[in-house]
Amino acid sequence: MKQYPTPAIRLFDVVVASIALVVFAPVLLLAAIGIRVSSPGPILFRAQRVGKLGHLFEMYKFRTMHVRRETGPVISARKDRRVFAVGALLRALKIDELPQFVNILRGDMCIAGPRPEDPAIVRDIYTAEARETLSVPPGLLSPGSIYYYTHLESLLDIDDPVAIYSKQVLPLKIALDRVYIREAGLLYNIRLMARTAGMIVSRACGKTRFPDPPELAQAESWGFLPNGIEQGVAATKLKDGSF
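As the structure is a prediction and not an experimental result, all values here were calculated from the model.

Q: Describe helix α8 (residues 186–204), listing the residues and the values that go with them.
A: In this model α8 runs 27 Å from its N-terminal to its C-terminal C-alpha over 19 residues, within 8% of the 27 Å that 1.5 Å per residue would give. All of the buried residues along α8 are Tyr188, Asn189, Leu192, Thr196 and Met199. Down the axis of α8, the buried side of the element spans an arc of 95°, and every buried residue falls inside it. Across α8 from its buried face, at more than 90 degrees, point the exposed residues Leu187, Ala194, Val201 and Ala204. Considering only its buried residues, α8 is in contact with α1 (7–23), β3 (110–112), β4 (139–141), α6 (143–152), α7 (161–183) and α9 (214–221). At the exit of α8 stands Gly206, carrying a positive phi of roughly 100°.

Below, the structure is given as C-alpha cells:
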C-alpha cells in the first residue's frame, strides 16, 4: 500500500495525542492513585508488542493485575482473577489504554490501526494473511478492536482464553483489520474514533447489544472471513464453537 501513515495522518495523530494527554490528565491522575492504593506495584504495565514490519516496542498500559498474579496466559479472560477491582473498572472504560497516547507521540503507534499483539502470538499463530496487518503501524483503535469489545470479549470467560482467542477470536479481528488496511485514511480514522467513543459511552450506560460493524460485510465480500463464517452469524458460530 501507499506510505502510511501519511504526513497529514501523522500530524493529526500527534495533535490528538497531545490534546488527549492534557484533557485526560485528571483521569490519568485518578487512575494512577486508584492503582497505587488498590494493589502494590508499578502504576504502568510495559508490554512488549509487535509493531510495523515486526518491530518490537514497549506498549504502555495502566496496570490492572496484581503483580504477584501477572504470570499466566498472555490473553486474559474478561473475569480474570488476576485483575483487581479498580483494574476491572479501568478495563471496562478503556482507561487502561490511555497511556498509549505516549506511544503515539513516540511514533510506535497511530491513533487507528490494527491492535498490536504479543510476540508469541505473532510468532506461533499468525498466518501469511494475518501478517498483512504488520504492514502498517499498530493503533489504539481499529474495526477489529471495536468488534472485539462489542461482540467477542465475552467469549473469553473460559478456562483457556488463549485457545479461543487464537483459533476463533483473532481470525475475525484480523479479517476486519485487513479491511481497514485497504480503506485507511484520515476521514476513516476520524469515523473510527467517533464509533469507539460512542461504543465506550454506550457500554458505560449499560448497553450490551450492538450491530455488526460495516467492515464485517466488506470482509465477507472480499473473502477475508474464516471458513464457514458469514456476516450476521459470526458471534453465534463463535459461541457454539462451530468453526
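Resuming the write-up.
Q: Account for the pairing of strand β2 (residues 56–62), with residues named and values stated.
A: Among the 7 residues in β2, 5 count as buried, and that is most of the element. When strand β1 (residues 44–50) meets β2, the two strands line up antiparallel, connected through 7 bridges. For Arg46, the partnering residue across the bridge sits in β2 and is Tyr60.

Q: Please give an account of a nonpolar patch on the surface that cites residues and values.
A: Together, Leu11, Val15, Ile19, Val23, Phe24 and Val27 line one region of the surface with nonpolar side chains, adding up to about 500 Å² of accessible area. Looking at which element gives the most residues to the nonpolar patch, the answer is α1, with 4 residues. Locating Phe24 in the fold gives a position in the loop between α1 and α2 (25–38). Using a relative accessible area of 34% as the deciding quantity, one classes Phe24 as partly exposed.

Q: Requested: an account of the nonpolar core, with residues and values cited.
A: One finds Phe62, Phe101, Ile104, Tyr180 and Leu192 to be the most contacted residues of the largest nonpolar core, which totals 32 residues. Here the element with the most residues in this core is α1; it accounts for 4 residues. Not counting residues within four places of it along the chain, the set of residues in contact with Ile104 comprises Arg10, Asp13, Ala17, Met109, Cys110, Ile111 and Leu140. Leu152, Tyr165, Val179 and Phe224 belong to the second largest nonpolar core, which has 24 residues in total.

Q: Could you give me a rundown of the side chain of Ser39, with the residues and numbers involved?
A: Summarising the element assignment, Ser39 is placed in the loop between α2 and β1. Of the polar contacts made by the side chain of Ser39, one reaches the side chain of His66; its length is 3.1 Å. Apart from the residues within four sequence positions on either side, Ser39 is in contact with Arg63, Met65, His66, Val67 and Phe84.

Q: Which residues make up the packing of aromatic side chains, and what are the values?
A: A full pass over the atoms with the stated rule returns 3 aromatic pairs. For the ring pair Tyr180 and Tyr188, a centre distance of 5.4 Å and an interplane angle of 40° mean the geometry is tilted. In terms of burial, Tyr180 and Tyr188 fall into one category: buried. Ring plane angle 65° and centroid distance 5.9 Å describe the contact between Trp222 and Phe224, whose orientation is recorded as edge-to-face. When its relative accessible area of 38% is taken as the criterion, Trp222 is described as partly exposed. Given a relative accessible area of 12%, Phe224 falls into the buried group. One cation-aromatic arrangement involves Lys173 over Tyr148; the distance from NZ or CZ to the ring centre is 5.1 Å. Between Arg178 and the ring centre of Phe224, over which it is positioned, the NZ or CZ distance is 4.0 Å.

The rules behind these values
Residues numbered from 1 in each chain as written. Predicted model: local features only at pLDDT ≥ 70, side-chain atom pairs only at ≥ 80, totals over all residues. Heavy atoms only, no water. Helix = DSSP H or I, 4+ residues; strand = E, 2+ residues; numbered from the N terminus. Expected span 1.5 Å × (residues − 1). Buried < 20%, exposed > 50% of the residue type's maximum accessible area, 1.4 Å probe, protein only. Arc of directions from axis to C-beta. Contact = heavy atoms within 4.5 Å. Pairing = 2+ DSSP bridges. Patch = residues over 30% accessible without salt bridge, like charges linked within 9 Å, V, L, I, M, F, W, Y side chains within 5 Å. Areas by Shrake-Rupley, 256 points an atom, 1.4 Å probe, with all protein chains shown as cover. Salt bridge = Lys/Arg side-chain N within 4 Å of Asp/Glu carboxyl O. Core = buried A, V, L, I, M, F, W, Y, C linked by side-chain atoms within 4.5 Å. Polar contact = N/O pair within 3.5 Å; in protein donor to acceptor, adjacent residues only side chain to side chain. Phe/Tyr/Trp six-rings, centres within 6.5 Å; stacked < 30°, edge-to-face > 60°. Lys NZ or Arg CZ within 6 Å of the ring centre and 35° of its normal.

These values are about where atoms sit, not about what they do.
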